[in-house]
Amino acid sequence: MSFPRIAFKFVQEIGLYALWLSTLDIKLLCLLRFIRLFAYGSSTLILVSYLSALEISKSQIGLFMTLTLVGDMLISFVLTLFADSLGRRMILVMGSVLMGVAGVVFALSGNYWALLIAAVLGVISPSGTEIGPFRAIEESIVAHLTPEKFRGDIYAWYSLLGATGAAFGMGVCGWILEFLLKNMGWDVLRAYRTVFWAYFAMGGVMLAISLGLSKQCEPNRELSGNESEGSVSTDSDTENSNTKPKEKKGLLANFPKFMPKTRTTLIKLALLFALDSFACTLAPLSWITFFFQQKFTLQPSKLGTIFFITTLIAAFSMLGAPPIARRLGNIKTMILTHAPSAILLALLPVPSSVVVAITILVLRSCMQSMDTPPRSAFLASIVTPSDRTAALGILNISRTAAACLSPLVTGSLAAKDILWVAFVLAGSLMVVYDLGIFVLFGRQEKSAGSEKGGDVVSDEEKGGSTTSVDTLKLKVPLEKVKTSNNSSEMELPSEEKSNEDDQEVSDSRCSVGGERRKEHAKENPPQESSI
């Protein structure tokens, strides 16, 4: 193979080709996620230190973190549940405004209750991870604008940009604080409040980007609830969809009407995701850094370098998930990457050598985030389009609710000097989660894939609605690339064109040969034999 063909194949495998051909809305959503996680990372780095500098007790800080998560859960529940009815872009705009308001309050006020109200009603991430209604709505828009075959590539870059944004947010915030404190001679509170002013500014940038999204981000009202590209509808679902429900007035009119199949799927996924979230937050990054510092007496500068590198490795490792998912499927990819990471987490407290422990940490970072893109693609395909935004919001809420409980368990274990139990328990529960996903949904994905027969059908095509010009920018080039049933490797367009030309030539030769045989039969009719 020539170098251009090898380079094209590489760009295709890592999903950069799909991202390049995607619509402008998808590119803006990826940019939104990077800016948002950059802001979350910068504020998380100083949140506890800022509250401590205001002479707020540790018990009040713990209550602050818990109530922040509870408030985020309630706000996300309300906004995502009615996002498709009220408008996805409107909810993103409201979330950006709440984020900016929270930044202003933290920059101006030092009152504990004012900060608590701003954190509960606004958008402040206490852990640096994704909170608020943004992710569920954005992933639903990505699924709406992207053919199913290439959602894994887009989700991989969407997740990658979020992880790198959080890593760079922490790094840039630390460098700015060091410059302000040492070179400028500012006091701690003034330097911390500068970070929150930057948080407010990033909320304004997000607001401008959200206003720039097109109408194509909104759901297609013409699609019926029983049409989806990733779920198989039953006869009972069809009958339920044909019967007209009673019209509801007021706020209940905007409440999503989940199909029975979707409700059953949601219950299973919510329980499994809650288990996984509980396990993940038993051993978060903050407690892992504390464990390394206590056991191996590492300096903060060395810890920062180690976890900055591992965070970047975890981020870029997500690019390897879509090629694996194209060959093995989303479920198998999720399990084969998540289960080894869980086992390595359980083994993390075992080594007494810092080199061995860091090696285990690096190996785990190579796989710990690879299940994110196939999981997003799987969720987008298994839930009907009409229920997708609300369903993703409910699943995120179940994860947040479970995450509120695990810090209490980890704190009690650390107080008894048995923090290693948290790592072992977290890894074990993650393996149970993987087994549950395989048992409940492994066969379902296989049957859904066999029914599709490898064809790529988008939401708009099934609904029979017209497709926008922006959507065709992604769909036309990608659908020209043929995919066989036995292999998901996409061929070059030039090869496809030559194959089509050869096929046309062979067809013409066959037609000419058939005409000649007919003329010969007319001129020389078969003679009847006499006995």
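Residues numbered from 1 in each chain as written. Predicted model: local features only at pLDDT ≥ 70, side-chain atom pairs only at ≥ 80, totals over all residues. Heavy atoms only, no water.

## Focus on the overall build of the protein
Each helix and strand in the protein was counted, giving 24 helices and zero strands. Expressed as a percentage of its 531 residues, the buried residues of the protein come to 49%. Taken as a whole, the protein presents about 26,000 Å² of accessible surface, with 64% of it coming from carbon and sulfur. (Helix = DSSP H or I, 4+ residues; strand = E, 2+ residues; numbered from the N terminus. Buried < 20%, exposed > 50% of the residue type's maximum accessible area, 1.4 Å probe, protein only. Areas by Shrake-Rupley, 256 points an atom, 1.4 Å probe, with all protein chains shown as cover.)

## Points about the pattern of salt bridges
Pairing between side chains of opposite charge can happen when the charged atoms of each approach one another. For the structure on display, the rule yields ten salt bridges. When the shortest N-O distance is used, the salt bridge between D153 and R326 registers 2.8 Å. Placement of D153 in helix α9 (residues 151–183) and of R326 in helix α15 (residues 321–328) is noted, with a sequence separation of 173 residues between them. The partner of R399 in a salt bridge is D276, with the nearest N and O atoms 3.5 Å apart. Pair noted here: R399 is in helix α19 (residues 388–403) and D276 is in helix α12 (residues 260–282), with a separation of 123 residues, a long-range link. Taken together, the shared-partner salt bridges connect K9, E13, D153, R326 and R327 into one network. (Salt bridge = Lys/Arg side-chain N within 4 Å of Asp/Glu carboxyl O.)

## Brief notes about the confidence of the model for the protein
Fine structural detail should not be taken from predicted coordinates in areas where pLDDT scores are low. For the protein, the mean per-residue pLDDT works out to 76, and 75% of the residues sit at or above 70. Contacts for the low-pLDDT stretch residues 222–251, under 50 throughout, to residues beyond four places or in other chains number 48 contacts. This model gives residues 508–512 a pLDDT under 50, and the stretch forms zero contacts once residues within four places in sequence are excluded. (pLDDT = per-residue confidence, 0-100. Contact = heavy atoms within 4.5 Å.)

## Considerations on the environment of I437
In this fold, I437 is placed in helix α21 (residues 420–452). Residue classification places I437 among the buried positions, given a relative accessible area of 1%. Linking I437 and K332, residues 105 residues apart in sequence, is a C-alpha distance of 9.5 Å. Setting aside chain neighbours within four positions, we find I437 in contact with L269, L272, F273, I331, M334 and G442.

## Structural notes on unusual backbone geometry
Positive phi outside glycine occurs at E55, with the angle close to 65°. Residue classification places E55 among the exposed residues on the basis of a relative accessible area of 76%. The phi dihedral of D417 falls on the positive side, at around 60°, and the residue is not glycine. Of note, D417 is situated in the loop between α20 (406–415) and α21.

## Quick look at the packing of helix α16 (residues 330–347) against helix α17 (residues 354–365)
Orientation of α16 relative to α17, taken along the N-to-C sense of each, is 160°, at an axis distance of 9 Å. Here α16 lies roughly antiparallel to α17, going by the angle between them. For the pair α16 and α17, the crossing hand works out as left-handed. Residue-level contacts link S341, L344, L345 and L347 of α16 to I360, L363 and R364 of α17. Here the residues of the contact of α16 with α17 are counted per class, giving five nonpolar, one polar and one charged. (Axes fitted to C-alpha atoms, helices over the stretch in contact; angles between N-to-C directions. Parallel < 35°, antiparallel > 145°, perpendicular 65-115°, else oblique. Left-handed = near helix turned anticlockwise from the far one by under 90°. Nonpolar A, V, L, I, M, F, W, Y, C, P; charged D, E, K, R; others polar.)

## Details of helix α10 (residues 188–211)
For α10, with 24 residues, the first-to-last C-alpha span of 36 Å sits near the 34 Å given by 1.5 Å per residue. Turning to α10, its buried residues are A191, Y192, V195, F196, Y199, M202, G203, M206, I209 and S210. Elements in contact with the buried residues of α10: α3 (24–53), α6 (88–108), α8 (134–145) and α9. Two to three positions downstream of the cap, the backbone nitrogen of L189 sits 3.3 Å from a side-chain oxygen, assigning the N-cap of α10 to D187. (Expected span 1.5 Å × (residues − 1). Polar contact = N/O pair within 3.5 Å; in protein donor to acceptor, adjacent residues only side chain to side chain.)

## A word on a nonpolar patch on the surface
Together, L108, W197 and F200 line one region of the surface with nonpolar side chains, adding up to about 320 Å² of accessible area. With respect to the helices and strands, L108 occurs in helix α6. The class of L108 is exposed, set by a relative accessible area of 58%. (Patch = residues over 30% accessible without salt bridge, like charges linked within 9 Å, V, L, I, M, F, W, Y side chains within 5 Å.)

## A few points about the packing of aromatic side chains
Counted under the stated rule, the structure contains 15 aromatic pairs. Measuring from centroid to centroid gives 6.5 Å for Y50 and F106, while their planes differ by 40°, and the two rings are tilted. One end of the pair, Y50, is in helix α3; the other, F106, is in helix α6, with 56 residues separating them in the sequence. There is no split in this pair, since Y50 and F106 are both buried. Here F106 and F196 contribute two aromatic rings whose centre-to-centre distance is 5.1 Å and whose plane-to-plane angle is 35°, an arrangement assigned as tilted. With a gap of 90 residues between them, F106 in helix α6 and F196 in helix α10 connect regions that are remote in the sequence. Each member of the pair F106 and F196 is classed as buried. One aromatic cluster in this structure is built from Y50, F64, F106, Y112, W113, Y192 and F196. Residue placement shows R190 over the ring face of W186; its charged tip is 3.8 Å from the ring centre. (Phe/Tyr/Trp six-rings, centres within 6.5 Å; stacked < 30°, edge-to-face > 60°. Lys NZ or Arg CZ within 6 Å of the ring centre and 35° of its normal.)

## Considerations on the packing of α6 against α8
For any two helices packed against each other, the geometry comes down to the angle between their axes and how far apart the axes lie. Running from amino to carboxyl end, α6 crosses α8 at an angle of 150°, the nearest separation of the two axes being 10 Å. By the angle class used here, α6 and α8 are roughly antiparallel. Between α6 and α8 lies a crossing of left-handed hand. Here R88, I91, L92, G95 and S96 of α6 come into contact with α8, specifically with F134, I137, E138, S140, I141 and H144.

## Re the side chain of S376
Looking at the element boundaries, S376 is found in helix α18 (residues 372–382). Separated by 3.2 Å, the side chains of S376 and E139 make a polar contact. Ignoring any residue separated from it by four or fewer positions in sequence, one finds S376 in contact with R135, E139 and Y155.

## Observations concerning the side chain of R33
Along the chain, R33 falls in helix α3. Under the relative-accessibility criterion, R33 is labelled buried at 7%. Look past the residues within four positions of R33 in its chain and what remains in contact with it is E130, R135, E138, Y158, S159 and G162.

## Quick look at α9
Across its 33 residues, α9 extends 47 Å between first and last C-alpha, which sits within 8% of the 48 Å expected from 1.5 Å per residue. Phi for G185, located one or two positions after α9, is positive at around 75°.

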